[in-house]
Amino acid sequence: MYKLKKDRIALVGAVVILIVGTFLFINNSSSKGTASEVPPTVSSEEMENFLYGDNGIVNHVHNELSEKGYIYRLLIAAYSKEDIQMKIILLNKEATELEQEEIKSIFYELVKKSNLNPKAFTLKVSDSDDGPDW
C-alpha cells in the first residue's frame, strides 16, 4: 500500500511538471513573435527634432497652412516614428468636409515631399465646436 501511494504521488508530480513545462514552452514561443513587432524606441529628443526641427513636418505644415490663411491649434500624440496622430483644430473657419479635405491634401502632400511614410500619420481636422476626441 505504501508503494502504491508513493507511485501515485510520483505520477501526479510528473503530470504537474509536464503541464507546467508545456505552459512555459507555449508561453515562451508565443512571446518570441511579438518582440519583433514592437517598434524601436525613439528618444524624446529624436522625436522632437523629427517633428519640430528645421525640416520637421510641423514646421512645413505651419508654414503652408499659415500662408493659406488658416489659424489653428495642433495636437500631437506621437508614439513612434511609425505611429503619429495629429489633430488640427481650425479657429477661424468651420471644418466643413471641403476644408477638411483641403487641409488633409496639403498635409499629406507635405509628408510625401518630406519623404515620410503617409501611413505613419493619422490626421483629424475639426473646428473649435468639435469635442476632445481624436
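None of these values were measured; they are calculated from a predicted model.

Draft legend 1. Seen up close, helix H4 (residues 97-113). Helix length check: H4 (17 residues) gives 24 Å between terminal C-alpha atoms against 24 Å at 1.5 Å per residue, within 8%. Burial in H4 covers these residues: Glu-99, Ile-103, Ile-106, Phe-107, Leu-110 and Val-111. Taken around the axis of H4, the buried residues stretch over an arc of 135°, which confines them to a single face. The outward face of H4, more than 90 degrees from its buried face, is lined by the exposed residues Glu-97, Leu-98, Lys-112 and Lys-113. On the buried face of H4, the contacting elements are helix H3 (57-67), strand S2 (83-90) and strand S3 (121-127). Within two residues after H4, Asn-115 carries a phi angle of roughly 60°, on the positive side.

Draft legend 2. Here's a closer look at the pattern of salt bridges. Enumeration over the complete set of coordinates arrives at 1 salt bridge. The salt bridge partner of Lys-68 is Glu-64, with a shortest N-O separation of 3.9 Å.

Draft legend 3. Unusual backbone geometry, seen in detail. The residue Asn-115 is not glycine, and still its phi comes out positive at about 60°. Topologically, Asn-115 is positioned in the loop between H4 and S3. With relative accessibility at 71%, the residue Asn-115 sits in the exposed group.

Draft legend 4. Representation of H3 within the structure. For H3, every residue scored as buried is listed here: Ile-57, Val-58, Val-61 and Leu-65. Down the axis of H3, the sector holding all buried residues measures 95°, keeping them to one side. The outward face of H3, more than 90 degrees from its buried face, is lined by the exposed residues Asn-63 and Glu-67. Where H3 is buried, its residues contact helix H2 (44-52), strand S1 (72-80), S2, H4 and S3.

Draft legend 5. The packing of aromatic side chains, seen in detail. In total, this model carries 2 aromatic pairs according to the counting rule given. Where Phe-107 meets Tyr-108, the ring centres are 5.0 Å apart and the plane angle is 90°; that geometry is what we call edge-to-face. By relative accessible area, Phe-107 is classed as buried at 2%. Between the aromatic rings of Phe-107 and Phe-121, the centroid separation amounts to 5.6 Å while the plane-to-plane angle is 80°, which identifies the pairing as edge-to-face. A residue pair is termed long-range when its members are at least 10 positions apart, and Phe-107 in helix H4 and Phe-121 in strand S3 qualify at 14 residues. Considered together, Phe-107 and Phe-121 belong to a single accessibility category, that of buried residues. These aromatic residues form a ring-pair network of at least three members: Phe-107, Tyr-108 and Phe-121. Taking the ring centre of Tyr-70 as reference, the NZ or CZ of Lys-93 above it sits at 4.4 Å.

Here is what the cut-offs are and how they apply
- Residues numbered from 1 in each chain as written.
- Predicted model: local features only at pLDDT ≥ 70, side-chain atom pairs only at ≥ 80, totals over all residues.
- Heavy atoms only, no water.
- Helix = DSSP H or I, 4+ residues; strand = E, 2+ residues; numbered from the N terminus.
- Expected span 1.5 Å × (residues − 1).
- Buried < 20%, exposed > 50% of the residue type's maximum accessible area, 1.4 Å probe, protein only.
- Arc of directions from axis to C-beta.
- Contact = heavy atoms within 4.5 Å.
- Salt bridge = Lys/Arg side-chain N within 4 Å of Asp/Glu carboxyl O.
- Phe/Tyr/Trp six-rings, centres within 6.5 Å; stacked < 30°, edge-to-face > 60°.
- Lys NZ or Arg CZ within 6 Å of the ring centre and 35° of its normal.

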